[in-house]
Amino acid sequence: MTTRTVGTPRTVDTTQELAAFLRTRRERLDPLDFGLPARRQARRTPGLRREEVAELAGVSVDYVVRLEQGRGLRPSADVVEALAGALRLAPGERAYLFDLTRQRPRNADKLATTAAPPLARLVADLSPLPAMLMNHRYDILAWNPEMARLLIDFGTLPPARRNAMWLCLMHPQIRAFYVDRERVVREGIAHLRAAWAAHPDDRALTDLITEFTAGDEEFARMWAERDIKVNGRGSKVMRHPEVGEIAVQFEVLMPIEDPDQRLVIYRAADEESQSALDLLCAG
């Protein structure tokens, strides 16, 4: 485990994060994709120039400069929308930008730290499909026996360690569990960054991210890339110590009554994986 000092704030400094996010999104763009006229002056940095972003968004160059320098501007919803279009942000990135500028309506309900009883019952009722309930931090609030057999017996862990991201990064068994580990970690980090912007006052989440950036070099490197993506469905391949490789497809559902809770359901992706799951759960 590598310990390092990382500049993750104790709370979200949205002004500085907005500046860094806009700058990194601008620098990743290819001017050729925008049909921009050739410039005589050679480009010294990658991506679009600030004046090009300003022209595409219909704002002044000085405004873009001040935003990227973190000088305390609060863009209106119209300006945020224009910047999102100019930077060609993906849906998750666009939502992140709206969160950073405090332009998206927020849910005032208390953040979930325990499973809503109807959802806990639903998790149990989903057997034999592996299922679990998490909050926006990846804290695991409820699970059924099939999910415990597939991943790990969460009941044997201290409550503070029942966190899917912590397990993936820190737990010896789960660290080696995923065939495509880097993709799984990267997608998890992209989700946490979106949650971090949406819940800037969640000190527990900020402390968790600080722990990860200080204690895991892989997390720190990917966190600095500022990828934003929230996956509602996807696939994973797991190396189970008892039954070998299991490929699963997952679906993430957000209940309307409890929007901070996420129901995660796994299904076997092929016949071999279904047979492996059946054998595992029968055992």
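Our subject is the structure listed above.
Residues numbered from 1 in each chain as written. Predicted model: local features only at pLDDT ≥ 70, side-chain atom pairs only at ≥ 80, totals over all residues. Heavy atoms only, no water.

S.K.: Even after reading the chapter, I still don't get the overall build of the protein chain, so can you show me in this structure?
M.R.: Scanning the protein chain from terminus to terminus reveals 13 helices and 5 strands. Counting over 283 residues, the protein chain shows a buried share of 48%. Restricting to contacts in the protein chain with at least 6 residues of sequence separation, those with at least 24 account for 59%. Per element, the accessible surface of the protein chain, about 14500 Å² overall, is 51% carbon and sulfur. (Helix = DSSP H or I, 4+ residues; strand = E, 2+ residues; numbered from the N terminus. Buried < 20%, exposed > 50% of the residue type's maximum accessible area, 1.4 Å probe, protein only. Contact = heavy atoms within 4.5 Å. Areas by Shrake-Rupley, 256 points an atom, 1.4 Å probe, with all protein chains shown as cover.)

S.K.: What should I look at first to understand helix α1 (residues 14-27) in this one?
M.R.: Within an α-helix, residues lying three or four positions from one another point in the same direction, as the helix has 3.6 residues per turn. Look at α1: 20 Å from first C-alpha to last across 14 residues, which is about the 20 Å you get at 1.5 Å a residue. Every buried residue belonging to α1 is among T14, E17, L18, A19, A20, F21, L22, R25 and R26, and all of these are buried. In the core, the buried residues of α1 are packed alongside α2 (50-57), α3 (61-68), α5 (91-100) and α10 (181-198). (Expected span 1.5 Å × (residues − 1).)

S.K.: Quick question: what am I supposed to make of the packing of aromatic side chains here?
M.R.: Two aromatic rings are characterised by how far apart their centres lie and by the angle between their planes. One pass over the structure, following the stated rule, counts 6 aromatic pairs. Where F21 meets Y96, the ring centres are 4.9 Å apart and the plane angle is 80°; that geometry is what we call edge-to-face. Note that F21 is positioned in helix α1 and Y96 in helix α5, a separation of 75 residues in sequence. With relative accessibility at 1%, the residue Y96 sits in the buried group. Aromatic rings pair up to connect W196, F212, F219 and W223 into one cluster. Here the guanidinium or amino end of R88 rests over the ring plane of F34, the centre of that ring lying 3.9 Å away. Just above the ring of F250 sits the side chain of K236; from NZ or CZ to the centre is 5.2 Å. (Phe/Tyr/Trp six-rings, centres within 6.5 Å; stacked < 30°, edge-to-face > 60°. Lys NZ or Arg CZ within 6 Å of the ring centre and 35° of its normal.)

S.K.: Would you mind showing me how to read the side chain of Q261 here?
M.R.: Position of Q261 relative to the elements: it lies in strand β5 (residues 261-268). A distance of 3.3 Å separates a polar atom in the side chain of Q261 from the backbone oxygen of T114. A polar contact of 3.3 Å, which involves the side chain of Q261, links it to the backbone nitrogen of A116. Excluding residues that lie within four positions of it along the chain, Q261 makes contacts with A112, T114, A115, A116, L119, L133, M134, L141, L253, M254 and P255. (Polar contact = N/O pair within 3.5 Å; in protein donor to acceptor, adjacent residues only side chain to side chain.)

S.K.: What should I look at first to understand the packing of α1 against α5 in this one?
M.R.: Axis angle and axis distance: for two packed helices, these are the angle between their axes and the distance between the axes, and together they describe the pair. One way to put it is that α1 packs onto α5 with a least axis distance of 10 Å and a crossing angle of 150°. With respect to α5, the element α1 is oriented roughly antiparallel. By crossing handedness, the relation of α1 to α5 is classed as left-handed. Residue-level inspection shows T14, E17, L18, F21, L22 and R25 of α1 in contact with α5, the latter providing E93, Y96, L97 and L100. By residue class, the composition of the contact of α1 with α5 is 6 nonpolar, 1 polar and 3 charged. (Axes fitted to C-alpha atoms, helices over the stretch in contact; angles between N-to-C directions. Parallel < 35°, antiparallel > 145°, perpendicular 65-115°, else oblique. Left-handed = near helix turned anticlockwise from the far one by under 90°. Nonpolar A, V, L, I, M, F, W, Y, C, P; charged D, E, K, R; others polar.)

S.K.: Any chance you could explain the sheet that holds strand β3 (residues 233-240) here in plain terms?
M.R.: Strand pairing in a sheet relies on backbone hydrogen bonds. The paired strands run either parallel or antiparallel. Taken in spatial order, the 5 strands make up an open sheet running β2-β1-β5-β4-β3, and their pairing is antiparallel. A single partner strand is all that each edge strand has here, and the edge strands are β2 (140-143) and β3. When strand polarity is set aside, the average angle formed by the axes of neighbouring strands in this sheet is 30°. Against the sheet, helix α6 (residues 117-125) makes contact with β1 (131-135), β2 and β5, and its axis sits at roughly 150° relative to β1, the strand it touches most. (Pairing = 2+ DSSP bridges.)

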